Amino acid sequence: MNSTLSAENLTLIRGERCLFEGLDFAVKSGELLILEGRNGCGKTSLMRAIAGMLSLETGEVFWNQRPVRQQRQVFHGSLVWLAHRTGLKGDLNMLENLQFERSLRQQSEGDAESVYLRLGIERLRKLPMRSLSAGQQRRVALARLLLADVPLWMLDEPFTNLDREGRKLVMELVDEHLADGGLCVMAAHQDVDIDAPTTKIRIQ
Amino acid sequence: MNETTAFQPGILSGLWATARRDLLLAWKRPGDVLNPLFFFAMVCTLFPLAVGPSAEQLEFSGPGVLWVAALLATLLSLNSLFLGDFEDGSLDQLLVSPQPLPVLALGKTLAHWLTSGLPLVFVSPLLAITYRMPWSVVPVMMLTLTLGTISLSLLGSIGAALTVGLHRGTALLSLLILPLAMPVLLLGANTVSLAAGNDIYSTGVWALGAYAVASLSLAPYATAAALRISNE
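Counting restarts for each chain, with residues numbered from 1 along the sequence as it is written. Working convention: letters from A go to chains and numbers from 1 go to ligands, in the order in which they are written. Two thresholds apply to this predicted model, a pLDDT of at least 70 for residue-level local features and 80 or more for giving and counting side-chain atom pairs, whereas whole-chain, interface and lining totals are computed over all residues.

Helix and strand labels come from DSSP, where a helix needs a run of H or I of at least four residues and a strand needs a run of E of at least two; each type is numbered from the N terminus. Within chain B, the regular secondary structure consists of 10 helices and 0 strands. When the helices and strands of chain B are read in sequence order from the N terminus, they spell out α-α-α-α-α-α-α-α-α-α. For 232 residues, the compact-globule formula gives about 17 Å, and the C-alpha radius of gyration of chain B, at 19 Å, lands near that figure. Taking the principal axes of the C-alpha coordinates as reference, chain B spans close to 70 × 35 × 30 Å. In this treatment the radius of gyration is a C-alpha quantity, and the globule benchmark scales as 2.2 Å times the residue count to the 0.38 power.

To continue, consider unusual backbone geometry. In this structure, N9(A) is a non-glycine residue whose phi angle is positive, near 55°. Position of N9(A) relative to the elements: it lies in strand 1 (residues 4–14).

What follows covers helix 3 (residues 30–51) of chain B. Residue and element names in this part refer to chain B. Working rule for helices: expected span equals 1.5 Å times residues minus one. For helix 3, with 22 residues, the first-to-last C-alpha span of 32 Å sits near the 32 Å given by 1.5 Å per residue. Of the positions making up helix 3, those classed as buried are P36, F40, C44 and F47. By the convention adopted here, residues make contact when the C-beta atoms placed from their backbones lie within 7 Å. Those residues of helix 3 hidden inside the fold are in contact with helix 4 (55–78) and helix 7 (101–130). Here exposure depends only on C-beta density: within 10 Å of a residue's C-beta, 20 or more other C-beta atoms make it buried, 12 or fewer make it exposed, and intermediate numbers make it partly exposed, the C-beta atoms being placed from the backbone.

Another point: the interface of chain A and chain B. Each side of the interface is counted separately: chain A has 29 residues, and chain B has 27 residues. Mapped onto the side of chain A that touches chain B, the elements with two or more residues apiece are helix 2 (72–77), strand 6 (79–82) and helix 3 (94–105) of chain A. A total of 5 residues in the side of chain A that touches chain B trace back to one element, the largest contributor, which is helix 3 of chain A. Grouping the amino acids of the side of chain A that touches chain B by side-chain chemistry returns 13 nonpolar, 11 polar and 5 charged. Note on residue classes: Ala, Val, Leu, Ile, Met, Phe, Trp, Tyr, Cys and Pro are nonpolar, Asp, Glu, Lys and Arg are charged, and everything else, Gly too, is polar.

This part is about the pairing of strand 2 (residues 17–28) of chain A. Residue and element names in this part refer to chain A. Two strands are said to pair when DSSP picks up at least two bridges between them. Examined bridge by bridge, strand 1 and strand 2 share 8 bridges and lie antiparallel to one another. Directly across from L5, in strand 2, lies its bridge partner V27. Here strand 1 hands over to strand 2 after 2 residues, with G15 in that stretch at a positive phi of 60°.

Further remarks concern the confidence of the model for chain B. Residues and elements named next belong to chain B. Confidence in the prediction of chain B, expressed as mean pLDDT, is 87, and 96% of residues score 70 or more. pLDDT runs from 0 to 100 and stands for how confident the predictor is about each residue. Segment residues 1–7: pLDDT under 50, and 12 contacts once partners within four positions in sequence are set aside and those in other chains are kept. The ipTM for the predicted assembly is 0.88, set against a pTM of 0.88.

Okay, the environment of V68(A) next. Residues and elements named next belong to chain A. Its location among the elements puts V68 in the loop between strand 5 (66–67) and helix 2. Placed 99 residues apart in sequence, V68 and R167 show a C-alpha to C-alpha distance of 31 Å. What V68 contacts, discounting residues up to four positions off in sequence, is G52, V61, F62, W63 and F75.

Here you go:
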């Protein structure tokens, strides 16, 4: 399994502001792409543009050398998206939330137990999400990454709300994912301690 | 992993998954389901108090009042169709999910109809009795309401998707949807009136059916496109 994610000449204009212009990058299996920049500089916009949620002024994103626009379903089937808003339903419990994700991807149960144990969420399964702390909700959202079993992780500020151990855990998980031949695009404004080959994009 | 094995979804799994989740959410928050139903029942029971209880008047206005109340109750419930998903980030998850977005939108609309349109249909006979509607007309009214609320949910989902990013988009939503909903209202109310007057009414039922089928085949695509635009 060898996948590539690349982009050519990306330009994004929001309102009157040009967030970035003529941006290129290329990452392949086992590599990490980090988007840096101060708050409000357009990291999230770039992430959303890569994932196909924002339309770009110019440029094209490629997944395995083919334009993403021509293979939206294949591309979306290969990525998992984790942003500031976790996309978990407050009224449903953890199992119901993860079950929904699974049925969208049509996956079997897999080794869910060990994932719950690893993330320290094995006791939370029957509690409604709204009763959990922000950090716990974050950990449940992380379970989505591990259960999805897809090559591309797109993480927008994955360390939000996590304690020191939680942050370390995220880095470990990303490390393992990359060692397994996965790719990761991450927007972060703190130092990331991951040993994989890393490309950094700094947005002004 | 090559491209063909990367992901091959069954077309209906996304539909069932979203419909199932939204029904589960409705089950956990019954208030959201009861609100439009309560509104419907209230309008229908208050109207005779205001205009007077004379038999001819009630018989004459019954179909119209029931239909207007059903339309407004549906509009009332549409605002929340995508709002919750927008606020907690699930909408982003749907946008980047490997399932086709029109199918997911249809799943949500199906759940919306099951929790808002269908209850109206079941409650309507009780209210029809208070308007002295003959028993023979009640099935016609239920049939037109079924077809009509299907159209309204589907058309409404387009408006709900367009206004999801706006704060307090309810007024705009109603404004967008009402022109499309007018034929449903006219056909529905007149069909029931015709049936009550022992006239031939089947044309209206067919027309409502055609409207529902047209909405069913077109609205999910429009809703998906609207969701992508309003979530940019």
